[in-house]
Amino acid sequence: MDIKSKKSKMVIGLVSWLAGFTIIIVNLSGLCLEMYGYRDFPKHVEEVLGRDYQDTEEFRDYILGCMSDFLEMSVAGTNPDQVGEPGEFLDEWEAAAEPWTEEEMSILEEDYIPSGKTYYNYYGSGFGWDGGYDVVYDWWSMTKAEAEDMHDRIRYNTNILYRIENKGEVLYTNYESLGLDSGQTEEWNYTINTDGGEMNFVMPEGYNYLLYYDGETLQVLKDGAEADVSIHGYGDYWDYDWYIPGYNNVPADDAYRDSRIYMAVAKEPEIIIKKNYDGKGNTYYSNLLYKMKMQSLDKAASYRNWIFSSLLAFVFAALGLTFREYRKEACVSIARVTGKIWYEVKLLPVLAFFFLFLMAGIEALRMFWWQGNSFVYELQGFTIGRGILFTVIFLLIIGFLWLFANDARYNKKPWRISLTAKIIGLFRTSMLKLPFSKRMVRYNIWVFLLGLLSTLLPVTVFAAHRRGTELLIITFILFVCILFLQFLYAENMRRLAVDMDRLVGQIEAVHNGELQENAEISETSGLAEAMEKLNDIRDGMNKAIDRQIKSERMKVELIANVSHDIKTPLTSIISYVELLKQEEGMPEHVKEYVSILESKSQRLKTMVQDVFEVSKAASGELPVHMENLDFCKLIHQTIADMQEQIADSPVSIKCEIPDEAVTIYADGSRLYRVFQNLIQNALKYSLEGSRIYINLKNGEEDAVASVKNTSKEELPSDVDLTERFIRGDKSRTDGGSGLGLSIAQSFTEACGGSFKVETIADLFVVTVSFQSVK
Amino acid sequence: MKERILVVDDDREIVKAIALLLEKEEYEVLKAYDGMQALEIIAESQVQLIIIDVMMPKLDGLSAVMKIREKRNIPIILLSAKSEDTDKVLGLSIGADDYVAKPYNPAELAARVKSQLRRYTCLGDINASLSTANVVNGRLRYNKEERVLYTDEEPVKLTATETKIVDLLMCNLGRVFPAEEIYRRVWNEEAYAVENTVMVHIRRIREKIEWNPKEPEYLKVVWGIGYKIEKK
């Protein structure tokens, strides 16, 4: 598919959907508002679209108000117990007599409600248009002077011609011939019923609407025919469009029995301006009927607009539905773009709109409370089918709200890309650069702020108590701040505690030698660095241990291989020495050589085995079979086993071993080797004629055995005799492998005992101690 | 008839030394220098015993033993420089009858060969081993009624005290006797500091029944506890 057309489809899909949606909302809200206040809205629409201003509710209200005023005027000053305030009407008159400027006049031609003028001095032509009910109730309240005054003021309003009679006498009129049968032929002839039978009524040219009150009922004629005054029947007063004296809902009062009112209304009302009417330089102006006419026309236009735009909206909606696949794509791609915008830029206007709507709503409710229906009527002028501008503004607002919603729908956590988040991020990074201790100190800022705010709290509470609401709000905000800070602090501390817990746990794990687990804490945590380092240490330890194990294993392997390689030729040597030995007829000296060879090869064999064993013991690979055994018995057995050697040596052995059993946990055969080596050593290196002392002491916790002998050579004081291949005599000429003590030590340690060598002058002391088993 | 023994080792000198040793003992010796050769010889000729090295080229000793064991039931003595317990266990468990570590003691090797051959050719005394009067333990047989100990079916000359000790240990194979108990039951006296006395006798018995008294196989010291004859 062509990208360009796809793109345009996306745009069309989105825009038409939005536009359709907006227009539908605007139109629906306008419709709802418009429906308010009309008893029969379909009828109202019909009337409006019929474009006849005389066929509207407003018109009916108006002329009936006028009729009421005329009735009032007809009986002015005749009420014996007048209750009305004489000034009431006059005030309204004066209000109506506000001077109009030329500028306002010109505005009036275009716009029906000039700014700065109140509803009253605009509509208040003195006919009490909105006070139809009031006038009916307040009749007989008018004085003669007031009636005169009113007459003076309205007489120039040629949109309404009137003739007010009482008891056959014409009281007020602005058209003398109105209602008189002069025999003239006019365009409109009206026939009305009077006391004296039918009466022909002559209408002046340009007038088509006639009202005639005959003292009992009001007759209404339009275009020569009787107007339908029973739109809703005559039942209920309040459901009634016409409240005409003389019908069921408004019975004619006796006071008006003698009144005869003729009233004609112009077919096409005009603006009536009378300058300097009251002699004070004020301009008087009345255009209500003209306005009604214009408004009716205008309203018809606006209704047509409404219908047209509704159709348009459906077209848009249909388009939007058709391209809804592209719309979704468009939504996603727009969300991608809007996702990069700081969230505040989106959120603040939305909040502002929300706030404005809220304020407007509250204001509207307030206005409605004070002004009632009239406010709604006023509003009606603004909404229905009213102007592209309004719709466009609404479209923009809705579009913006949609952008916001769209952003929230397709972007995950859109608030992350925001100035606030950025600032917090910067703050965090700068915090992270600080060492842990400083960060901890910084946390105290929370505490400080909390403390500061907490001290402010009672002050504001006190002040609020004295001063009132504003401070109370501040107090509340302060309280919320404190709670929020407290929460932040607690949350921070909680996270820190969790991290610390993990760190400590990891330290313990490393300490216990569990080197495999790699504990993680979040990177933003203050302890992340410490954790990382600890992990490094653990890795290092792991590597070191691995290396050590590897090298030990290699060493053992090496020694095993070497000893194997040595053993193979040694086997041959020993074998052939044996064969040589069995050879007969050899001279004596050759036999001596052979025996030397034999003894040396045997020694070599022993050494190879010793080397192998000691290296194994050193690398911890010596197998041990631990069991409970009697330490005393073991030493006895060893001495018994070596009796021949002891007997052959020039030294004697003194034992000091307890009679009762001393139980230890060790490997018997290894421990035998230990004491065998120790006693052999002692036998070999002791001064002739001296004694070897073998002691065993069973202490509280340890069984301590010691072998003491007096060296025949001077003992070097600076040499660790347990080191491998170290000997007391540096010449290395004697028969040992040099591994005796080393083997003894490593075997003892492999069995879990401790091994100690001391030299005091010529006294050589070896101590072997084991934990005794109770 | 001379028994025929196959000696296998990659070290020709060792093969020769063993051959000399065994020929002196009146055996016929065949020589091979790797596992494959050994298998060939066994296939060709009648062999009564094999002494075979573990580490050899071409086919190592352990594999050779397994191959041989598939067909033949002749005694096999493994000879190896590997002296670890684990090596011995492995060798014995795959079918070898004995295990001698290098460097070997020639006399001991000769004695082991003799022992293995005797058991292979005479097949032991089944009747004797079935009799309740006899305690048979590997190379050892003790007749309780005659109070005579046989090693490889040869009577061993023991003194009266030694016989008593052997009687005690052979009738309780594997049980560890402390020196005091041995003394009390053999000498019928209260025991006090008897370790040396008992040890002397033990050593003498060892010299009579063990191939290598320094590394006894049967009469063992359990260090720190006592003495026993190991159950085979």
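Note that the structure is a prediction, hence the values are computed from the model and not measured. (Residues numbered from 1 in each chain as written. Chains lettered and ligands numbered in written order. Predicted model: local features only at pLDDT ≥ 70, side-chain atom pairs only at ≥ 80, totals over all residues. Heavy atoms only, no water.)

Q: How should the sheet that holds strand S5 (residues 207-213) of chain A be read in this particular structure?
A: Through backbone hydrogen bonds, the strands of a sheet pair up, either in parallel or in antiparallel fashion. All names here are of chain A. Strand order in the open sheet formed by six strands is S2-S1-S8-S5-S6-S7, with antiparallel pairing between adjacent strands. Looking along the sheet, the strands with just one partner apiece sit at the ends: strand S2 (169-173) and strand S7 (225-226). The pairing of S5 with strand S6 (residues 218-222) spans five bridges and is classified as antiparallel. If you follow Tyr209 over to S6, its bridge partner there is Lys222. (Pairing = 2+ DSSP bridges. Helix = DSSP H or I, 4+ residues; strand = E, 2+ residues; numbered from the N terminus.)

Q: I'm lost on unusual backbone geometry in this one. Help?
A: The phi torsion of most residues other than glycine is negative, and most of the peptide bonds are trans. The residue after Lys102(B), namely Pro103(B), is reached through a cis peptide bond having omega -10 degrees. Although it is not a glycine, Ala761(A) sits at a positive phi angle of roughly 55 degrees. For Ala761(A), the position within the fold is in the loop between strand S16 (754-760) and strand S17 (763-771). The exposed category is assigned to Ala761(A), whose relative accessible area is 65%. A positive phi is found at Lys58(B), a non-glycine position, where the angle reads about 65 degrees. In this fold, Lys58(B) is placed in the loop between strand S3 (49-53) and helix H3 (61-71). With relative accessibility at 72%, the residue Lys58(B) sits in the exposed group. (Buried < 20%, exposed > 50% of the residue type's maximum accessible area, 1.4 Å probe, protein only.)

Q: I keep staring at the interface of chain B and chain A and nothing clicks. Help me out?
A: When the parts of a complex come together, some accessible area is lost, and that lost area is often taken as the interface size. Chain B puts 33 residues into the contact, and the matching count from chain A is 34 residues. When the buried surface of chain B facing chain A is broken down by residue, Pro103(B), Trp223(B) and Gly224(B) rank first, second and third, together holding 26% of it. The interface formed by chain B and chain A contains two salt bridges. Residues Arg203(B) and Glu644(A) are paired through a salt bridge, measuring 3.5 Å at the closest nitrogen-oxygen approach. (Contact = heavy atoms within 4.5 Å. Buried area = accessible area lost by both parts, 1.4 Å probe. Salt bridge = Lys/Arg side-chain N within 4 Å of Asp/Glu carboxyl O.)

Q: Please clarify how helix H2 (residues 35-44) of chain B should be interpreted in this entry.
A: Because an α-helix packs 3.6 residues into every turn, residues spaced three or four apart end up facing the same way. Residues and elements named next belong to chain B. Looking at H2, one finds that the buried residues are Gly35, Ala38, Ile41 and Ile42. Seen along its axis, H2 keeps its buried residues to an arc of 120 degrees; they face one direction. In H2, the exposed positions that point more than 90 degrees away from the buried face belong to Ala43 and Glu44. Where the residues of H2 are buried, they touch strand S1 (4-8), strand S2 (28-32), S3 and H3. The N-cap of H2, judged by a side-chain oxygen 2.9 Å from the amide nitrogen of Met36 a few residues on, is Asp34. (Arc of directions from axis to C-beta. Polar contact = N/O pair within 3.5 Å; in protein donor to acceptor, adjacent residues only side chain to side chain.)

Q: Hey, could you run me through the nonpolar core in this one?
A: A general tendency of soluble globular proteins is for nonpolar side chains to be buried together. Residue and element names in this part refer to chain A. Judged by nonpolar contacts, the single largest core of 74 residues is most densely connected at Phe631, Phe675 and Leu678. Those residues in contact with Phe631, other than ones at most four positions away along the chain, are Val662, Ile664, Leu671, Phe675, Leu696, Ala703, Ala705, Val768 and Phe770. With 31 residues, the next largest nonpolar core counts Ile160, Leu218, Val265 and Leu289 among its residues. (Core = buried A, V, L, I, M, F, W, Y, C linked by side-chain atoms within 4.5 Å.)

Q: Looking at this model, I keep getting lost on the packing of aromatic side chains. Mind explaining?
A: By convention here, two paired aromatic rings are described through the distance between centres and the angle between planes. Within the structure shown, the criterion is met by eleven aromatic pairs over all chains. Aromatic pair Trp17(A) and Phe21(A): ring centres 6.0 Å apart, planes at 10 degrees, arrangement stacked. Residue Trp17(A) and its partner Phe21(A) are both found in helix H1 (residues 3-35); the two are separated by four residues, about one turn of the helix. On the accessibility criterion, Trp17(A) (27% relative accessible area) is partly exposed. On the basis of relative accessibility, which here comes to 40%, the residue Phe21(A) falls in the partly exposed class. Seen in terms of ring centroids, Tyr672(A) and Trp223(B) are 3.4 Å apart; in terms of plane orientation they differ by 10 degrees. Their pairing is stacked. (Phe/Tyr/Trp six-rings, centres within 6.5 Å; stacked < 30°, edge-to-face > 60°.)

Q: Please explain the sheet that holds S2(B) as it appears in this structure.
A: Residue and element names in this part refer to chain B. Overall, parallel pairing links the five strands, which are arranged S2-S1-S3-S4-S5 in an open sheet. What marks the edges here is a single partner per strand, and that holds for S2 and strand S5 (98-101). For this sheet, the mean inter-axis angle between neighbouring strands, taken without regard to orientation, is 20 degrees. In this sheet, S3 lies alongside S1 in parallel orientation, the contact comprising four bridges. Within S3, the position partnered with Val8 by the bridge is Ile52. Relative to S2, helix H1 (residues 12-24) is tilted by about 170 degrees, and along the sheet it contacts S1, S2, S3 and strand S4 (76-80). (Axes fitted to C-alpha atoms, helices over the stretch in contact; angles between N-to-C directions.)

Q: Even after reading the chapter, I still don't get the packing of helix H8 (residues 179-187) of chain B against helix H9 (residues 195-209) of chain B, so can you show me in this structure?
A: How two helices sit against one another is set out by the angle between their axes and by the gap between those axes. All names here are of chain B. With their axes 9 Å apart at the nearest point, H8 and H9 run at an angle of 75 degrees to one another. If you check the angle between H8 and H9, you find them roughly perpendicular. Judged by residue contacts, Ala179, Ile182, Tyr183 and Trp187 of H8 engage Glu195, Thr197, Val198 and His201 from H9. Of the residues in the contact of H8 with H9, the class split is five nonpolar, two polar and one charged. (Parallel < 35°, antiparallel > 145°, perpendicular 65-115°, else oblique. Nonpolar A, V, L, I, M, F, W, Y, C, P; charged D, E, K, R; others polar.)

Q: Would you mind showing me how to read the environment of Asp167(B) here?
A: Residues and elements named next belong to chain B. Looking at the secondary structure, you find Asp167 in helix H7 (residues 160-171). Separated by 19 residues in sequence, Asp167 and Val148 place their C-alpha atoms 8.9 Å apart. Leave out the neighbours within four places in its chain, and Asp167 touches Tyr142 and Arg147.

Q: What exactly am I supposed to notice about the pattern of salt bridges here?
A: Residues and elements named next belong to chain B. Taken as a whole and assessed by the stated rule, the structure comprises 29 salt bridges over all chains. The residue Asp9 makes a salt bridge to Lys102 at a minimum N-O spacing of 3.1 Å. Of this pair, Asp9 sits in the loop between S1 and H1 while Lys102 sits in the loop between S5 and helix H5 (106-122), and the two are 93 residues apart along the sequence. Both residues of the pair, Asp9 and Lys102, count as buried.

Q: Quick question: what am I supposed to make of the pairing of S2(B) here?
A: It is a general feature of regular strands that their side chains alternate between the two faces of the sheet. All names here are of chain B. In this structure, S1 lies alongside S2, joined through five bridges in parallel fashion. Across the sheet, Ile5 pairs through a bridge with Val29, a residue of S2. On the question of chirality, the crossover connecting S1 to the parallel S2 by way of H1 is right-handed. (Right-handed = clockwise from strand over helix to strand, strands pointing away.)

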